[in-house]
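Spelled out, the chains give:
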Amino acid sequence: MTLRSVLIANRGEIAVRIIRAAKALGLRTVLAHSTADKESLAADLADETIEIGPPAAKKSYLNIEAVVNAAKSAKVDAVHPGYGFLAENAEFADAVTAAGIIFVGPSAEAIRLLGDKVMARQVAALAGVPTVPGSDGRVTDLAAAIAIATRIGFPVMIKAAAGGGGRGIRIVGDADEFARQFPQASSEAAAAFGDGGLYIEKVIERARHVEVQIIGDGDNVVHCYERECSLQRRRQKVWEEAPAVGLPDDVRLRLCASAVALGRAVGYSGAGTVEYLYDDATNQFYFIEVNTRIQVEHPVTEMITGLDLVQEMLRIAGGAKLSVSQDDVRIQGHAIECRINAEDPYKGFMPAPGTIETLVVPEGEGIRFDTLLFAGYAVPPFYDSLLGKLIVHGHDRADCLARLRTALDGLVISGIPTTIPLHAALARDASVADGRTHTRFLEPWLETDFAQLARARENA
Amino acid sequence: MSTEIKSPLPGVFYRKPSPESAPFKNDGDSVAADDVIGLVEVMKSFHEVKAGIAGTGIRFVIDDADAVMAGQVIAEVQA
């Protein structure tokens, strides 16, 4: 069937993005929102809105029953979960399906399988995808765990099987520390995730974060090349690019082929991302995890391929086959995305909700701004601090960086502090321009280079 | 006399350090000025709320995981 209507079970810029994509396909759009999001851009754009609960996400956006009831009462054909909230919750996918409604994304089984980090690692290994040296699955016995850690070499990471997105990870430097941390990690994982299962991985000291966008229709899977997200603060991505900087072509081919092999192995349907660590020193890549949803940084892939990933997700959910073959997907130029957050970069990234006084969005060739903002909008304190994503496309990376500097200078958000100054500084940094970055680049850089800029600003 | 303890930040108020833990304080407990009585989550980051005043017989007026505005009363104590 072709979808006629969709309920958006999310908020913020991604709700706006999904509503626009659905409308472009002629779908009736229904937004499920909390009381805090009654006055929002997404609520304004949607054809219909349904209130699902109070501001706290636990009582609204994470309330499976409330969301499914909203979808039933709105009589929609499908539910799009966006990212975050219930997007990777297999129970939610099951509940939507049980209500006779299509879940826009992979099957609940695929979410469950790939959401268990140990299972995902085994699936990856079986599909021939290189994994970070570590334990074959879960380890429970301390002596056996120490033997594994000693074999692969310290430092190692103790990771929670049910973790992910940077949560539930401890880095230990030697066997004594390992013996102390291992039992603690298990009880902490049990408390945080309801599953005390642990596994062990080697620490790749100077790694880049590279990930491959895949999209499948249940039978066929194609990749849309890779993104690089090495600039991170507290394991949260700050700046993303496509394609990855300086990746040799043969490595790119093997990397993307491995992601497709993994997608095929599970009969993947919808948009997904296979995440890897890439070791510059050896040109080796290692599987980390699969995200079974659309990602925040999907626009950089759209900019270099010309695809609309959200529209493609909706078409596939409606039963269509992939609209492109692998040969149709080509890289054109370079794209960079800056996450603009409601945080004060001069005050330790303190979150800063509040009312937007003015909003000026730069316009021009290759510039896109995905946002939930409008002048006069009161950014609520209840959700994450993402205000928008400035995405810039150029003929090549140098051209893209030049356009990005101009676009950042033209982007004005007043009323609350934002991370625009951080991005303006990164866009002018020599190491960033040369692609000499890795996952542990940004935090020390903030302490040195950015702190220096902040002092100069104070003295000016 | 009864003194109000107000939230310094807007966000979501939590009475426990984690969902499985015991509350920082139960109704009726005594508090010291430096005691943490809860957390306010603002944009996914957590900030401790201290009593700010010593007292007895603390009584919470909002529930765990309720939304709070900056300046809203969280609890009352006899100081």
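What you see is a predicted model, and the numbers here were worked out from it, not measured in a lab.

### What about the overall build of chain B?
Secondary structure summary: chain B contains zero helices and seven strands in total. Secondary structure elements of chain B occur, N-terminal to C-terminal, as β-β-β-β-β-β-β. Its C-alpha atoms give chain B a radius of gyration of 11 Å, near enough to 12 Å, the size a compact globule of 79 residues would have. Within chain B, buried positions represent 33% of all 79 residues. Partitioning the contacts of chain B with sequence separation of at least 6, the portion at a separation of at least 24 is 58%.

### Focus: the overall build of chain A
Scanning chain A from N- to C-terminus turns up 15 helices and 22 strands. By the compact-globule yardstick of 23 Å for 460 residues, chain A fits well, its C-alpha radius of gyration being 22 Å. Its C-alpha atoms give chain A principal-axis dimensions of roughly 60 × 60 × 45 Å. The contacts of chain A with a sequence gap of at least 6 include a subset with a gap of at least 24, amounting to 66%.

### So, the interface of chain B and chain A
Quite often, the size of an interface is put as the accessible area lost when its parts meet. With 11 residues of chain B in contact, the opposing surface of chain A contributes 13 residues. Of the residues contributing to the side of chain B that touches chain A, the split by class is six nonpolar, three polar and two charged.

### Observations regarding helix α6 (residues 117–126) of chain A
All names here are of chain A. Among the residues of α6, those classed as buried are Lys 117, Val 118, Ala 120, Arg 121 and Ala 124. End-on view of α6: buried residues confined to an arc of 160°, all on one side of the axis. Gly 128 lies just past α6 and shows a positive phi near 85°.

### Examining the sheet that holds strand β3 (residues 36–42) of chain B
Residue and element names in this part refer to chain B. Pairing within the open sheet is antiparallel, and its four strands lie in the order β4-β3-β2-β6. What marks the edges here is a single partner per strand, and that holds for β4 (45–50) and β6 (66–68). Across the sheet, the mean angle from the axis of one strand to that of its neighbour is 40°, orientation sign disregarded.

### Description of the nonpolar core
Generally speaking, a soluble globular protein has its nonpolar side chains buried in company with each other. Residues and elements named next belong to chain A. Among the nonpolar cores identified, the biggest contains 143 residues, and Val 6, Leu 7, Ile 8, Ala 71, Val 79, Tyr 276 and Leu 314 are the most heavily contacted of them. If one sorts the elements of this core by residue count, helix α1 (residues 12–24) sits on top with seven residues. Leu 314 has contacts with Leu 3, Val 6, Ala 21, Ala 22, Leu 25, Leu 27 and Val 104, leaving out every residue within four places of it along the chain. One finds Val 118, Ala 149, Ala 161 and Phe 182 within the second-largest nonpolar core, a separate group that totals 17 residues.

### What about the environment of Ala398(A)?
All names here are of chain A. Assignment of secondary structure puts Ala 398 in helix α12 (residues 397–410). On the neighbour-count criterion, Ala 398 (11 C-beta atoms within 10 Å) is exposed. Counting along the chain gives 36 residues from Ala 398 to Asp 434, while the straight-line C-alpha distance between them is 9.5 Å.

### What to know about the packing of helix α4 (residues 90–98) of chain A against helix α5 (residues 108–115) of chain A
All names here are of chain A. For the pair α4 and α5, the least separation of the axes is 8 Å and the interaxial angle reads 175°. Classified by the angle their axes make, α4 and α5 are roughly antiparallel. Across from Ala 90, Ala 93, Asp 94 and Thr 97 in α4, the residues of α5 making contact are Ala 108, Ile 111, Arg 112 and Gly 115. Here the contact of α4 with α5 is composed, by residue class, of four nonpolar, two polar and two charged.

The rules behind the values
Residues numbered from 1 in each chain as written. Chains lettered and ligands numbered in written order. Predicted model: local features only at pLDDT ≥ 70, side-chain atom pairs only at ≥ 80, totals over all residues. Helix = DSSP H or I, 4+ residues; strand = E, 2+ residues; numbered from the N terminus. Rg over C-alpha atoms; globule rule 2.2 N^0.38 Å. Buried ≥ 20, exposed ≤ 12 C-beta atoms within 10 Å, placed from the backbone. Contact = placed C-beta atoms within 7 Å. Nonpolar A, V, L, I, M, F, W, Y, C, P; charged D, E, K, R; others polar. Arc of directions from axis to C-beta. Pairing = 2+ DSSP bridges. Axes fitted to C-alpha atoms, helices over the stretch in contact; angles between N-to-C directions. Core = buried A, V, L, I, M, F, W, Y, C linked by C-beta atoms within 7 Å. Parallel < 35°, antiparallel > 145°, perpendicular 65-115°, else oblique.

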